[in-house]
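Spelled out, the chains give:
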Amino acid sequence: MKQTKQQPGSKVIPFTGEFYPDAPEPTPAGNNLTAFLVMIAAALVAGLSMGAISTYQSADQVQLRDMKAQSQQLEKVKSQVCR
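First, a word on what this report is: a plain description of the structure on this page. (Residues numbered from 1 in each chain as written. Predicted model: local features only at pLDDT ≥ 70, side-chain atom pairs only at ≥ 80, totals over all residues. Heavy atoms only, no water.)

Observations regarding the overall build of the chain
Here's step 1: A count of helices and strands for the chain gives two helices and two strands.
Here's step 2: What you see in the chain, going N to C, is helices and strands ordered as β-β-α-α.
Here's step 3: Here the chain, with 83 residues, has 1% of them falling under the buried criterion.
Here's step 4: Taken as a whole, the chain presents about 8100 Å² of accessible surface, with 63% of it coming from carbon and sulfur. (Helix = DSSP H or I, 4+ residues; strand = E, 2+ residues; numbered from the N terminus. Buried < 20%, exposed > 50% of the residue type's maximum accessible area, 1.4 Å probe, protein only. Areas by Shrake-Rupley, 256 points an atom, 1.4 Å probe, with all protein chains shown as cover.)

Shown next as structure tokens:
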């Protein structure tokens, strides 16, 4: 029968007698504060972008953009007519 010495930090598997190294302890997850801050930053960016989109698409802003476009067209027509 084969006799081997057990190395420190290893386990003997029953019935086979083979030595396997111990599995290293899993390291705990990263800093929870960092993950929390990343989530807060993502929520802030999402909120700001949704606010910007809703402001851009509001009725007042649409009307203002239309009025600016009409004003530019009027200036073009005035410049062409008054030459």
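Points about the packing of aromatic side chains
Here's step 1: Tallying each qualifying case throughout the model produces zero aromatic pairs.
Here's step 2: One cation-aromatic arrangement involves Arg65 over Tyr56; the distance from NZ or CZ to the ring centre is 3.9 Å. (Phe/Tyr/Trp six-rings, centres within 6.5 Å; stacked < 30°, edge-to-face > 60°. Lys NZ or Arg CZ within 6 Å of the ring centre and 35° of its normal.)

Description of the pattern of salt bridges
Side chains that carry opposite charge are capable of pairing whenever their charged atoms lie near each other.
Here's step 1: The final tally for this structure, using the stated rule, is one salt bridge.
Here's step 2: Across the pair Glu75 and Lys78 runs a salt bridge, and its minimum N-O distance is 3.8 Å. Taken together, the residues span about one helical turn, with Glu75 and Lys78 both in helix α2 (residues 59-81) at a distance of three residues.
Here's step 3: Of the residues examined, Lys78 reaches a relative accessible area of 43% and is grouped as partly exposed. (Salt bridge = Lys/Arg side-chain N within 4 Å of Asp/Glu carboxyl O.)

Comments concerning a nonpolar patch on the surface
Here's step 1: On the surface, a cluster of nonpolar side chains totalling about 410 Å² of accessible area is made up of Leu33, Phe36, Leu37 and Ile40.
Here's step 2: Assignment of secondary structure puts Phe36 in helix α1 (residues 32-56). (Patch = residues over 30% accessible without salt bridge, like charges linked within 9 Å, V, L, I, M, F, W, Y side chains within 5 Å.)

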